[in-house]
Amino acid sequence: MSTTSQSRRIGLLGGTFDPVHIGHLRSAVEVAEALELDELRLIPSARPPHRATPQVSAQQRLDMVELAVANSPVLRVDDRELLRERPSYTIDTLESVRGELAAEDQLFLLLGWDAFCGLPSWHRWEELLQHCHILVLQRPDADTDAPEALRDLLAARSVGDPQALSGPGGQIAFIWQTPLAVSATQIRTLLAEGKSARFLVPDTVLAYINNHGLYRGMK
(Lines give C-alpha, C1' and ligand atoms only; values in the text may rest on other atoms or scores of the structure.)
Protein backbone atom coordinates (compact mmCIF):
# COMPACT_ATOMS: atom_id res chain seq x y z
CA MET A 1 0.00 0.00 0.00
CA SER A 2 1.20 3.48 -0.82
CA THR A 3 1.56 5.11 2.57
CA THR A 4 4.34 6.00 4.96
CA SER A 5 4.96 4.17 8.20
CA GLN A 6 3.93 7.30 10.17
CA SER A 7 0.66 8.06 8.38
CA ARG A 8 -2.67 6.84 9.69
CA ARG A 9 -5.49 5.28 7.69
CA ILE A 10 -8.97 6.30 8.81
CA GLY A 11 -12.29 5.16 7.35
CA LEU A 12 -15.63 6.95 7.74
CA LEU A 13 -19.05 5.32 7.39
CA GLY A 14 -22.02 7.61 7.92
CA GLY A 15 -25.69 6.79 8.23
CA THR A 16 -28.79 7.18 10.31
CA PHE A 17 -28.21 3.74 11.91
CA ASP A 18 -31.91 3.51 12.70
CA PRO A 19 -31.03 0.94 13.96
CA VAL A 20 -27.43 -0.15 13.33
CA HIS A 21 -27.42 -3.73 12.01
CA ILE A 22 -25.13 -6.54 10.88
CA GLY A 23 -25.03 -5.23 7.31
CA HIS A 24 -23.45 -1.97 8.47
CA LEU A 25 -21.04 -3.76 10.77
CA ARG A 26 -20.00 -6.47 8.33
CA SER A 27 -19.30 -3.91 5.60
CA ALA A 28 -17.22 -1.86 8.00
CA VAL A 29 -15.17 -4.82 9.22
CA GLU A 30 -14.52 -6.11 5.70
CA VAL A 31 -13.22 -2.73 4.53
CA ALA A 32 -11.15 -2.19 7.66
CA GLU A 33 -9.46 -5.56 7.22
CA ALA A 34 -8.99 -5.30 3.44
CA LEU A 35 -7.31 -1.89 3.65
CA GLU A 36 -5.62 -2.45 7.01
CA LEU A 37 -7.22 0.67 8.48
CA ASP A 38 -6.09 1.97 11.84
CA GLU A 39 -9.71 2.69 12.64
CA LEU A 40 -13.08 2.93 10.94
CA ARG A 41 -15.50 5.42 12.41
CA LEU A 42 -19.27 5.00 12.29
CA ILE A 43 -20.82 8.47 12.19
CA PRO A 44 -24.53 8.69 13.08
CA SER A 45 -26.23 11.61 11.34
CA ALA A 46 -28.58 13.86 13.28
CA ARG A 47 -30.49 15.54 10.47
CA PRO A 48 -29.76 13.70 7.21
CA PRO A 49 -30.59 16.06 4.31
CA HIS A 50 -31.49 13.24 1.89
CA ARG A 51 -33.52 10.98 4.16
CA ALA A 52 -36.58 11.06 6.38
CA THR A 53 -36.10 12.04 10.02
CA PRO A 54 -35.05 8.97 12.05
CA GLN A 55 -37.76 7.34 14.12
CA VAL A 56 -35.87 7.35 17.43
CA SER A 57 -33.77 10.02 19.10
CA ALA A 58 -30.21 10.86 18.12
CA GLN A 59 -29.01 9.80 21.57
CA GLN A 60 -30.68 6.41 21.27
CA ARG A 61 -29.15 5.79 17.85
CA LEU A 62 -25.76 6.82 19.22
CA ASP A 63 -26.19 4.50 22.20
CA MET A 64 -26.97 1.58 19.89
CA VAL A 65 -23.91 2.17 17.69
CA GLU A 66 -21.69 2.43 20.76
CA LEU A 67 -23.05 -0.89 22.02
CA ALA A 68 -22.54 -2.50 18.61
CA VAL A 69 -18.83 -1.62 18.36
CA ALA A 70 -17.93 -1.84 22.05
CA ASN A 71 -15.72 -4.91 21.64
CA SER A 72 -14.30 -4.18 18.20
CA PRO A 73 -10.55 -3.54 17.90
CA VAL A 74 -10.97 -1.26 14.87
CA LEU A 75 -14.53 0.13 14.79
CA ARG A 76 -15.17 3.41 16.57
CA VAL A 77 -18.05 5.86 17.00
CA ASP A 78 -17.78 9.53 16.02
CA ASP A 79 -20.61 11.74 17.30
CA ARG A 80 -19.62 15.05 15.68
CA GLU A 81 -22.67 15.22 13.40
CA LEU A 82 -24.98 14.85 16.39
CA LEU A 83 -23.39 17.90 17.98
CA ARG A 84 -24.20 20.21 15.05
CA GLU A 85 -27.20 22.51 14.93
CA ARG A 86 -27.51 22.23 11.14
CA PRO A 87 -28.09 19.36 8.66
CA SER A 88 -25.45 16.62 8.48
CA TYR A 89 -23.54 17.56 5.33
CA THR A 90 -20.72 15.14 4.55
CA ILE A 91 -18.41 17.90 3.32
CA ASP A 92 -18.59 19.55 6.76
CA THR A 93 -17.69 16.27 8.44
CA LEU A 94 -14.76 15.67 6.10
CA GLU A 95 -13.40 19.16 6.67
CA SER A 96 -13.72 18.70 10.42
CA VAL A 97 -12.02 15.30 10.50
CA ARG A 98 -9.30 16.34 8.07
CA GLY A 99 -8.52 19.30 10.29
CA GLU A 100 -7.66 16.89 13.12
CA LEU A 101 -5.34 14.68 11.05
CA ALA A 102 -1.80 15.04 9.82
CA ALA A 103 -1.41 16.13 6.21
CA GLU A 104 -0.17 12.70 5.11
CA ASP A 105 -2.92 10.70 6.85
CA GLN A 106 -5.25 8.84 4.51
CA LEU A 107 -8.99 9.35 4.88
CA PHE A 108 -11.49 6.98 3.24
CA LEU A 109 -15.19 7.78 2.83
CA LEU A 110 -17.31 4.64 2.45
CA LEU A 111 -20.41 4.95 0.28
CA GLY A 112 -22.89 2.39 -0.96
CA TRP A 113 -23.54 2.30 -4.70
CA ASP A 114 -26.90 4.09 -4.41
CA ALA A 115 -25.41 6.85 -2.29
CA PHE A 116 -22.50 7.23 -4.69
CA CYS A 117 -24.86 7.57 -7.65
CA GLY A 118 -26.68 10.31 -5.75
CA LEU A 119 -23.56 12.41 -5.15
CA PRO A 120 -24.48 15.13 -7.68
CA SER A 121 -27.36 16.12 -5.37
CA TRP A 122 -25.10 16.47 -2.33
CA HIS A 123 -24.01 19.78 -0.84
CA ARG A 124 -20.61 20.82 -2.31
CA TRP A 125 -20.11 17.30 -3.60
CA GLU A 126 -17.37 18.33 -6.03
CA GLU A 127 -15.13 19.13 -3.03
CA LEU A 128 -15.32 15.74 -1.32
CA LEU A 129 -12.22 14.32 -3.01
CA GLN A 130 -10.16 17.26 -1.81
CA HIS A 131 -10.33 15.71 1.64
CA CYS A 132 -10.56 11.94 1.17
CA HIS A 133 -10.58 8.90 -1.07
CA ILE A 134 -14.02 7.47 -1.84
CA LEU A 135 -14.57 3.74 -1.45
CA VAL A 136 -17.70 2.56 -3.21
CA LEU A 137 -19.14 -0.54 -1.55
CA GLN A 138 -20.15 -2.59 -4.56
CA ARG A 139 -22.37 -5.64 -4.29
CA PRO A 140 -22.57 -8.34 -6.97
CA ASP A 141 -26.28 -7.56 -7.50
CA ALA A 142 -25.75 -3.87 -8.31
CA ASP A 143 -26.84 -3.51 -11.93
CA THR A 144 -27.36 0.22 -12.47
CA ASP A 145 -24.95 2.54 -14.27
CA ALA A 146 -23.43 5.65 -12.76
CA PRO A 147 -25.25 8.87 -13.74
CA GLU A 148 -23.75 10.96 -16.52
CA ALA A 149 -22.66 13.65 -14.04
CA LEU A 150 -20.22 11.15 -12.46
CA ARG A 151 -18.78 9.51 -15.57
CA ASP A 152 -16.03 12.07 -16.20
CA LEU A 153 -15.11 11.98 -12.52
CA LEU A 154 -14.87 8.19 -12.57
CA ALA A 155 -12.76 8.26 -15.71
CA ALA A 156 -10.33 10.71 -14.17
CA ARG A 157 -10.17 9.51 -10.57
CA SER A 158 -10.87 5.76 -10.50
CA VAL A 159 -8.23 3.30 -9.34
CA GLY A 160 -8.80 -0.35 -10.20
CA ASP A 161 -7.29 -1.78 -7.02
CA PRO A 162 -8.34 -0.20 -3.69
CA GLN A 163 -5.02 -1.35 -2.28
CA ALA A 164 -3.33 1.04 -4.72
CA LEU A 165 -4.98 4.22 -3.43
CA SER A 166 -2.16 6.67 -2.76
CA GLY A 167 -1.82 9.94 -0.92
CA PRO A 168 -4.25 11.46 1.59
CA GLY A 169 -7.19 11.60 -0.84
CA GLY A 170 -8.42 12.38 -4.31
CA GLN A 171 -9.19 8.94 -5.78
CA ILE A 172 -12.12 6.54 -6.12
CA ALA A 173 -12.06 2.76 -5.85
CA PHE A 174 -14.68 0.03 -5.79
CA ILE A 175 -14.55 -2.67 -3.16
CA TRP A 176 -16.68 -5.83 -3.31
CA GLN A 177 -18.91 -6.62 -0.36
CA THR A 178 -20.52 -9.75 0.98
CA PRO A 179 -24.19 -9.42 -0.06
CA LEU A 180 -26.28 -9.33 3.12
CA ALA A 181 -29.95 -8.66 2.42
CA VAL A 182 -30.52 -6.71 5.63
CA SER A 183 -32.01 -3.25 5.94
CA ALA A 184 -33.02 -0.97 8.78
CA THR A 185 -36.46 -0.65 7.17
CA GLN A 186 -36.88 -4.44 7.33
CA ILE A 187 -35.85 -4.49 10.98
CA ARG A 188 -38.18 -1.63 11.93
CA THR A 189 -41.06 -3.40 10.20
CA LEU A 190 -40.41 -6.65 12.06
CA LEU A 191 -40.25 -4.87 15.40
CA ALA A 192 -43.37 -2.81 14.66
CA GLU A 193 -45.22 -6.08 14.01
CA GLY A 194 -43.96 -7.59 17.24
CA LYS A 195 -41.64 -10.05 15.48
CA SER A 196 -38.06 -10.94 16.32
CA ALA A 197 -35.05 -9.12 14.87
CA ARG A 198 -32.55 -11.44 16.50
CA PHE A 199 -29.42 -12.14 14.42
CA LEU A 200 -30.13 -9.05 12.30
CA VAL A 201 -28.69 -6.74 14.95
CA PRO A 202 -26.11 -7.45 17.67
CA ASP A 203 -27.60 -8.96 20.83
CA THR A 204 -26.59 -5.89 22.86
CA VAL A 205 -28.45 -3.63 20.43
CA LEU A 206 -31.53 -5.85 20.47
CA ALA A 207 -31.51 -5.79 24.27
CA TYR A 208 -31.36 -1.98 24.19
CA ILE A 209 -34.25 -1.84 21.70
CA ASN A 210 -36.35 -4.14 23.88
CA ASN A 211 -35.47 -2.36 27.11
CA HIS A 212 -36.48 1.01 25.67
CA GLY A 213 -39.47 -0.23 23.69
CA LEU A 214 -38.10 1.19 20.44
CA TYR A 215 -39.90 0.82 17.10
CA ARG A 216 -42.88 -0.94 18.65
CA GLY A 217 -46.05 -0.02 16.85
CA MET A 218 -44.17 2.27 14.43
CA LYS A 219 -44.87 2.04 10.71
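Residues numbered from 1 in each chain as written. Predicted model: local features only at pLDDT ≥ 70, side-chain atom pairs only at ≥ 80, totals over all residues. Heavy atoms only, no water.

Where an unreviewed UniProt entry is consulted, the chain appears under the name Probable nicotinate-nucleotide adenylyltransferase, with the organism given as Ectopseudomonas mendocina. Checking UniProt for the chain, the heading Pathway (unreviewed entry) contains the comment "Cofactor biosynthesis; NAD(+) biosynthesis; deamido-NAD(+) from nicotinate D-ribonucleotide: step 1/1." The record held by UniProt for the chain lists under Function (unreviewed entry) the comment "Catalyzes the reversible adenylation of nicotinate mononucleotide (NaMN) to nicotinic acid adenine dinucleotide (NaAD)." (UniProt positions renumbered as here; feature names shortened; annotations may be inferred.)

**Brief notes about the sheet that holds strand β1 (residues 9-15)**
Read across the sheet, six strands follow the order β3-β2-β1-β4-β5-β6 without closing on themselves; strand pairing throughout is parallel. The open sheet has two free edges, formed respectively by β3 (75-77) and β6 (172-176), since each of these has just one partner strand. Strand-to-strand twist of the sheet, defined as the mean angle between neighbouring strand axes without regard to direction, takes the value 30°. One ladder, built from three bridges, connects strand β2 (residues 39-44) with β3; its direction is parallel. (Pairing = 2+ DSSP bridges. Helix = DSSP H or I, 4+ residues; strand = E, 2+ residues; numbered from the N terminus. Axes fitted to C-alpha atoms, helices over the stretch in contact; angles between N-to-C directions.)

**Observations concerning the state of the cysteines**
Applying the stated criterion to the full structure yields zero disulfides. Cys 117 carries a free sulfur, and the closest cysteine sulfur to it, the one in Cys 132, is 17 Å from it. You can call Cys 117 buried: its relative accessible area is 18%. (Disulfide = S-S within 2.5 Å. Buried < 20%, exposed > 50% of the residue type's maximum accessible area, 1.4 Å probe, protein only.)

**Topic: the nonpolar core**
Of all hydrophobic cores here, the largest spans 39 residues; its most connected members are Val 20, Val 31, Leu 40, Leu 42 and Met 64. For this core, the secondary structure elements donating two or more residues are α1 (22-34), β2, α2 (58-68), β4 (106-112), β5 (133-138), β6, α6 (184-192) and α7 (203-212). Residue contacts for Val 31: discarding those within four places in its chain leaves Leu 37, Leu 40, Leu 110, Leu 135, Leu 137, Ile 175 and Gln 177. (Core = buried A, V, L, I, M, F, W, Y, C linked by side-chain atoms within 4.5 Å. Contact = heavy atoms within 4.5 Å.)

**Let's talk about α1**
Taking 1.5 Å per residue as the helical rise, α1 with its 13 residues ought to reach 18 Å, and the 18 Å between its terminal C-alpha atoms agrees with that figure. Taken together, the buried positions of α1 are Gly 23, His 24, Leu 25, Ser 27, Ala 28, Glu 30, Val 31 and Ala 32. Just past α1, the residue Glu 36 takes up positive phi, approximately 50°. (Expected span 1.5 Å × (residues − 1).)

**Observations regarding the environment of Ile 22**
By secondary structure assignment, the location of Ile 22 is in helix α1. For Ile 22, a relative accessible area of 27% corresponds to the partly exposed category.

**Focus: the pairing of β5**
The element β5 is largely enclosed, with a buried count of six among its six residues. Alternating residues of β5 divide into His 133, Leu 135 and Leu 137 and Ile 134, Val 136 and Gln 138, and every residue in both groups is buried. One ladder, built from five bridges, connects β4 with β5; its direction is parallel. Across the sheet, residue Gly 112 finds its bridge partner in β5, namely Leu 137. Judged from the five bridges that link them, β5 and β6 form a sheet pairing that is parallel. Its bridge partner being in β6, Leu 135 is matched across the sheet by Ala 173.

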